[in-house]
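Listed below, chain by chain, are the residues.
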Amino acid sequence: MIDKILSRPEFQTEPPVLVDIGASGQLHGRWKAFAKYAVCIAFDADDRDFGYVESESRHFRKLYTFNNIVTGPQSAEEDTDTSAFYLTASPHCSSLLPPRPDLIQEYAFAPKFELSKVVQLKTRSLRSTLDSLNINQVDWFKTDSQGTDLRLFRNLGEARSKRVLTAEFEPGILSVYDGEDKLHEVLRFMEEQNSHWLVELIPKGSPRITPALLDSFTTQPLLQKFVLFSLKSSAAWGEMTYLNRFADEAALTQRNLLLGWVFATSLKQHGFALILTQKAKSLFSDPIFDEMENYSRRRVWGRILEIGFWPEVVKKFDKLLGR
């Protein structure tokens, strides 16, 4: 169904646009179903783990890569500036902001934030980069910038940010960097903007145990992992996913409704996918929206019929009956 939708004329001239900030590691798993139809713009200042760019580029319709710091200046002229970038023991923890491992010294993951060195790197504005590529709409915005997620989303500008169909953030709950954007600030901003709704908020973290105490059990890395697995993690950051509410008239184009359904379906938000089909059918007469509605309904019924679902149903009925 996704292939059928994204093969339509709407996406020949306006393919889905994905922005990946902090693109270390591997292709985002949620994008695999539609990456081949999409244009991806990937940024990462720390190139020590930027290998997926070479290995995964063939999976996108078009891939632009920038080994730069992404910042919030407003004009292309400011992109000639450089800024200090803090390389940490783990490439995934490097940041434009100074790390503060002293603030998390009672957590097992503190050594990952130890400063390796400070380098000067060229900066790029997200907004001016998109302008230079003639991209007016970002459809899926994903950022793991280690402390600057919210300011980067805001740098899209009000018009672009409100048109984003899916947004993913990983802001901190603990203070790990100087001046970082925190989870509660993302929640407040997105509520005030009132253009998106929160699909997921998954707390992530690290066991609260000092590295020295961890070493007191064993210094063998493999055995230390077993110790860590035995300990309950404490919330340190959150994985947040938002979907566009499609309450703004400007968002209610046929292309956006088609792509919004694809994104909602890929996130298993079949109820919201059905809502989008009803909005679309009230505005457009294309029979594809009947197919999409039927597909979403089948997915709901399929979930009901899954064997693993029935124990949860039994538990809920037992609770209602007081058993």
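In this report, we go over the structure that sits alongside the text. Given the structure is predicted, the values throughout are model-derived calculations rather than measurements.

The rules behind each value
Residues numbered from 1 in each chain as written. Predicted model: local features only at pLDDT ≥ 70, side-chain atom pairs only at ≥ 80, totals over all residues. Heavy atoms only, no water. Helix = DSSP H or I, 4+ residues; strand = E, 2+ residues; numbered from the N terminus. Contact = heavy atoms within 4.5 Å. Areas by Shrake-Rupley, 256 points an atom, 1.4 Å probe, with all protein chains shown as cover. 1 Å grid on protein atoms, 1.4 Å probe; cavity = no way out; pocket = protein on both sides within 12 Å on 5 of 7 lines; lining within 4 Å. Points joined across faces, edges and corners; volume = space filled by probe spheres on them. Nonpolar A, V, L, I, M, F, W, Y, C, P; charged D, E, K, R; others polar. Phe/Tyr/Trp six-rings, centres within 6.5 Å; stacked < 30°, edge-to-face > 60°. Buried < 20%, exposed > 50% of the residue type's maximum accessible area, 1.4 Å probe, protein only. Lys NZ or Arg CZ within 6 Å of the ring centre and 35° of its normal. Core = buried A, V, L, I, M, F, W, Y, C linked by side-chain atoms within 4.5 Å. Pairing = 2+ DSSP bridges. Axes fitted to C-alpha atoms, helices over the stretch in contact; angles between N-to-C directions. Salt bridge = Lys/Arg side-chain N within 4 Å of Asp/Glu carboxyl O.

### Some thoughts on the overall build of the chain
Regarding its fold elements, the chain presents 13 helices and ten strands. Summarising the internal contacts of the chain: among those between residues at least 6 apart in sequence, 72% fall at separations of at least 24. Surface accessibility of the chain: about 16,300 Å² in total, with carbon and sulfur atoms responsible for 53%.

### Focus on the layout of surface pockets
Roughly 270 Å³ of volume is contained in the second largest pocket. Thr13, Glu14, Pro15, Val17 and Arg255 are the residues nearest the centre of the second largest pocket, which is lined by 16 residues in total. Mapped by element, the contributors of at least two residues to the lining of the second largest pocket are α2 (10-13), β3 (62-66) and α10 (254-266). Among the residues making up the lining of the second largest pocket, the classes are represented as seven nonpolar, five polar and four charged.

### Thoughts on the packing of aromatic side chains
Taken as a whole, this structure holds 17 aromatic pairs when the rule is applied. For the pair Phe34 and Phe263, a centre-to-centre distance of 5.2 Å together with 45° between the ring planes defines the contact as tilted. Of this pair, Phe34 sits in the loop between β1 (17-21) and β2 (39-43) while Phe263 sits in helix α10, and the two are 229 residues apart along the sequence. Accessibility classification places Phe34 together with Phe263 in one group, the buried group. Taking 5.1 Å as the distance between ring centres and 75° as the angle between the ring planes, the aromatic pair formed by Phe109 and Phe113 counts as edge-to-face. On the accessibility criterion, Phe109 (10% relative accessible area) is buried. Ring pairing ties together the aromatic residues Tyr107, Phe109, Phe113, Tyr177 and Trp237, which thus form one cluster. Of note, Lys62 hangs over the ring of Tyr64, and the distance from its end group to the ring centre comes to 5.3 Å.

### Describing unusual backbone geometry
A positive phi angle, near 60°, is found at Gln146, a position not held by glycine. You can see Gln146 is positioned in the loop between β7 (140-143) and α5 (149-155). The backbone of Phe246 sits at a positive phi, close to 55°, despite the residue not being glycine.

### Some thoughts on the nonpolar core
Core analysis: the biggest nonpolar cluster contains 36 residues, and Leu6, Phe34 and Val262 have the highest contact counts within it. Every element with two or more residues in this core is listed here: α1 (2-6), β2, α10, α11 (270-283) and α12 (288-305). The greatest single-element share of this core, amounting to seven residues, is contributed by α10. Core analysis: the next-biggest nonpolar cluster, separate from the first, contains 25 residues, Val70, Ile135, Leu183 and Phe189 among them.

### Things to note about the sheet that holds β2
A sheet is described by the order of its strands in space; here seven strands give the open sequence β3-β2-β1-β7-β8-β10-β9, paired in mixed fashion. On the outer flanks of this sheet lie β3 and β9 (196-207), each paired with one strand and no other. Put simply, the sheet's adjacent strands are angled 10° from each other on average, direction ignored. Alignment of β7 against strand β8 (residues 166-169), held across three bridges, turns out to be parallel.

### Let's talk about the pattern of salt bridges
A side chain with one charge may pair with a side chain of the opposite charge, provided their charged atoms come close. Across all of its chains, the model carries 17 salt bridges by this definition. Between Asp131 and Arg160 there is a salt bridge whose closest N-O contact spans 2.7 Å. With a gap of 29 residues between them, Asp131 in helix α4 (residues 126-132) and Arg160 in helix α6 (residues 158-163) connect regions that are remote in the sequence. For Asp131, a relative accessible area of 40% corresponds to the partly exposed category. A relative accessible area of 8% places Arg160 in the buried class. Three or more residues are tied together by salt bridges with common partners; here these are Lys281, Asp290, Glu293 and Arg297.

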